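Breakdown of the fold
Chain by chain, the residues:
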Amino acid sequence: MKIYISGLYCGTNPQPGVGIARSLRTAYPDATLVGVEYSNRCSGVHWQDLDDVWLQRPWEELNLDAHAAQVKKVLDAGGLWISSIDLEIMWLGSVFPDGHPNLLTPSLSALQKVSKPAITAHKGLPVKIPTFVTTEISDWDLHAFCREHDWRVWLKGPYYEAVKVRNWAELEAMRGILSSAWSTERLYLQTHVSGYEESISFCAYQGELIHAVQMRKRDLTELSKTWAGDIAEVSEEVLAPLRKIVKDLNWSGGAEIEMVRDPQNQLWLLEVNPRFPAWIHGATIAGHNMSALLVEAATGIRAVETPFISEEFTRVVLEVPVRPEFPLSPLPEPLAGRIGHSLKHPSGLVQFANRLHNLDVFNYENENETGGNGEGQNGGTPKSASLNVPESFVDDLTHFDLAQVETPSWLFLEQTAAGLFEKAVALAGELSTDDITVTNAYSIKTNPDERLIKLARQSGFLAEAISLLEVRKALDAGFNSNEIILNGPGKWWHKEKLPETPLYSVFCDSMEDLTRVCEEYNSGNLKTEILGVRLRTPNISSRFGIPIDTPDAFGKLIEAIKTLPRDTRFGVHFHMASSNVGVGQWWHLFESMLKWCSSIEALGGRTIEVLDIGGGWFPEDLQKKSGERFRQAIALVPDFLPHVRQILSEPGKAVAQPSMALAMQILEIRNSSGEAREAVVDGSIAELPMYFFYPHRILSRDRTSGKWKSLNRGKTQLLGRLCMEHDIVANNVELPEDAEVGDVLVFCDAGSYDRSMSYVFGRG
Ligand SMILES: *Cc1c(COP(=O)(O)O)cnc(C)c1O
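Small disclaimer: the values here were computed from a predicted structure and weren't measured.

Moving on: the environment of Glu559. Inspection of the secondary structure puts Glu559 in helix H16 (residues 551-562). According to the relative accessible area criterion, Glu559 is partly exposed, its value standing at 47%. Along the primary structure Glu559 and Ala465 are separated by 94 residues, whereas in three dimensions their C-alpha atoms are 27 Å apart.

This next bit is on the site of the ligand. By nearness alone, 15 residues border the ligand, and Lys445, Thr446, Glu650, Lys653 and Tyr753 come closest of all. The contact in question runs from an oxygen atom of the ligand to an N or O atom on the side chain of Lys445, over 2.6 Å. Here an oxygen atom of the ligand sits 2.6 Å away from a polar atom, N or O, in the side chain of Tyr753. Calculation on the ligand without its partners gives an accessible area of 390 Å², and the protein chains cover 94% of this total. When grouped by side-chain class, the residues that make up the shell around the ligand number three nonpolar, eight polar and four charged.

Let us now look at unusual backbone geometry. The omega torsion across Thr407 and Pro408 is -5°, close enough to zero to call that bond cis. On the secondary structure map, Pro408 appears in the loop between helix H11 (391-397) and strand S16 (409-412). Notably, Trp151 is not glycine yet its phi reads approximately 55°, a positive angle. With respect to the helices, strands and loops of the structure, Trp151 is situated in the loop between helix H5 (139-148) and strand S6 (153-156). Exposure remark for Trp151: the relative accessible area of 8% places this residue in the buried category. Phi at Asn250 takes a positive value of approximately 50°, unusual for a residue other than glycine. Residue placement: Asn250 occurs in the loop between helix H7 (236-249) and strand S12 (253-261). Among the residues examined, Asn250 registers a relative accessible area of 46% and is labelled partly exposed.

Before going further, it helps to examine the sheet that holds strand S3 (residues 52-55). An order of S3-S2-S1-S4 is seen for the four strands of this open sheet, with the pairing classed as parallel. On the outer flanks of this sheet lie S3 and strand S4 (80-82), each paired with one strand and no other. Each strand of the sheet is rotated relative to its neighbour by a mean of 25°, with strand direction disregarded. Examined bridge by bridge, strand S1 (residues 2-6) and strand S2 (residues 32-37) share five bridges and lie parallel to one another. Note on S2: the bridge partner recorded for Lys2 is Thr32. Its contacts with the sheet put helix H1 (residues 17-27) on S1, S2 and S4, and the angle it makes with S1 is roughly 155°. On top of the sheet, helix H9 (residues 290-299) reaches S1 and S4; it is set at about 145° to S4, its chief contact.

Regular strands have side chains that alternate between both faces of the sheet. Counting buried residues along strand S17 (residues 437-443), six of its seven residues qualify, which places the element largely inside the surrounding structure. As paired strands, S17 and strand S24 (residues 646-649) are joined by four bridges and run parallel to one another. Note on S24: the bridge partner recorded for Thr439 is Leu648. Where S17 and strand S18 (residues 462-465) come together, three bridges link them in parallel fashion. From the neighbouring strand, Tyr442 faces S18, where its bridge partner is Ala463.

Conventions and cut-offs
- Residues numbered from 1 in each chain as written.
- Predicted model: local features only at pLDDT ≥ 70, side-chain atom pairs only at ≥ 80, totals over all residues.
- Heavy atoms only, no water.
- Helix = DSSP H or I, 4+ residues; strand = E, 2+ residues; numbered from the N terminus.
- Buried < 20%, exposed > 50% of the residue type's maximum accessible area, 1.4 Å probe, protein only.
- Near = heavy atom within 4 Å.
- Polar contact = N/O pair within 3.5 Å; in protein donor to acceptor, adjacent residues only side chain to side chain.
- Areas by Shrake-Rupley, 256 points an atom, 1.4 Å probe, with all protein chains shown as cover.
- Nonpolar A, V, L, I, M, F, W, Y, C, P; charged D, E, K, R; others polar.
- Pairing = 2+ DSSP bridges.
- Axes fitted to C-alpha atoms, helices over the stretch in contact; angles between N-to-C directions.
- Contact = heavy atoms within 4.5 Å.

Now the structure itself:
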């Protein structure tokens, strides 16, 4: 008996080859086990249970046809082949479209049915699929998906591979890497499910399920790979549908179904791998020798019984002798003064993926672009939408003669801005109840443009200032002092500007600030109708507000609240940007804040009449489903804080961000490879400092029709005018085919911190 086992990588994200070899050795002491590898740097080639090692050229150099012929020869001669390399399995599927009795891997069509988040073949299993979207939707919609799911999302390759992305910059970077690795734009973004990770490994031969075991991860590596686990039998509830799935797919070989069990005991399906898992020898230790059972089924040759030793297994790191015929690689060259060692997988799988793509082995189907049975699915607009901005943007743009503006230039979208304030007012009105009034306050720092402050005033907003200079600005714009909220850690900067007349509300950012505010109030310098505290959000780290997360800190706050002047109303403020932490997390935080506030009220002896929930909302999120979640949240308030009469909402970017766009001109189009991969523009990250944090929708005008169109995703980078490496204002867009030097591009969504935090740079 001769068994070929590929996939011998043994780093911290190991392949199962060595585990398979160990298990087969106990079951078939006399079999010849041949390890197959594509690099001598996979340390598993030195594993003692391998009788021989068949070392191939790396994937990028390998003559695939010759290799295919060799494999066929081996199989025809009676050798078995157990592959542990996902890409090799796909390639073998294409080489042997009708399978081969000795090839213990699934067919290409079976692979396609277990690939991608939709995993069409999961029917019948007691699992749900976490919500996902294809990355072919617009960047704008992808960002919305991530906010909705609290930035706990995984970017997944079309077949395998998943990386966690925590912010927009990471998402863009990883998307670039995975897209080129898999030669496709068709990746997936899937929500993370918190819970315990578990797997089912099964083996099958020609559509017959042979055996299955269940494994719970008990210890994880940094990459969430198994370090220790326990093995259990699989329930009939799973086995019955699994038998049917295996039959339908005519599965041959090993497999692993990766899942998460959430705290409500629901199983979520993450991935189906078409091979044994790397922990497979852990099952053998528990008496379930899956590799041996597979070989037994394929050959009819009885295996030596595998004894049960323990249902729990763990890993250790072992030193093994290096085989003399494969000595270690020489020490690396000190390239550019650096000496690099790397335990990265060395066998060129990325290049292999590219070759397979060119061979058309990957068949990216069109179905199931969006789905999962999680809640809050997000369809999103397809990539080719010709205009993915509100009509009002375009209407506003008609008022500019862009041939005349000196670029880069800020464009104030007047109707759009007015519409945003109107909508905010309408929402506040709709949300207000008989007992609780919802009031907007415009965050001046977000964009201190007079036009926006005036709009805020005309719309009946209060003004929210974080410095006395901003208070002055609000007064100059026509606000009365008792329409201004003073907030933040720097309220005593330019103390001389403190107005003599009362402010509307002041919130203290620290215990020291609270002492100071009380002193200034008692001495008559500071006048305000409402005096309150800003609370530091527990669990989500923040530098703002008074901490409450230890009994000691909480006790101090309670004592301090008792010293607050009695002739003001008392309010509590908290602020955490939902645009950063995610919408789901924000509402969770809101509820937890209500509970904290309820304790403060009970212990501090002051009734909370005003709740200020800050800003930090992405424009679309606050209004989502007509503010339904907001409405539900307000309905909760009386249960915890029966005296609250007013909720202050402090939108900044929710109203300001869409109100301005940035026009820039193309300075140069670089056509080196026949297609424009790079273009230089006269805008830069000095005008778009938020470029790294969220996508901006970009418009260009069609030369013939004069109509504004959105730039689609493509392969062109727009390089800023600055001489700085990271001055790239768009990473993957498609310029119109007839784009020319001098054409104007309009970057939308630049009216909040892009505008207020822009800086003068590179202008001499
Ligand atoms: C900055 C700020 C806001 C506005 O935040 P946005 O992210 O612009 O919506 C609201 N309240 C306070 C206290 C702030 O500091």
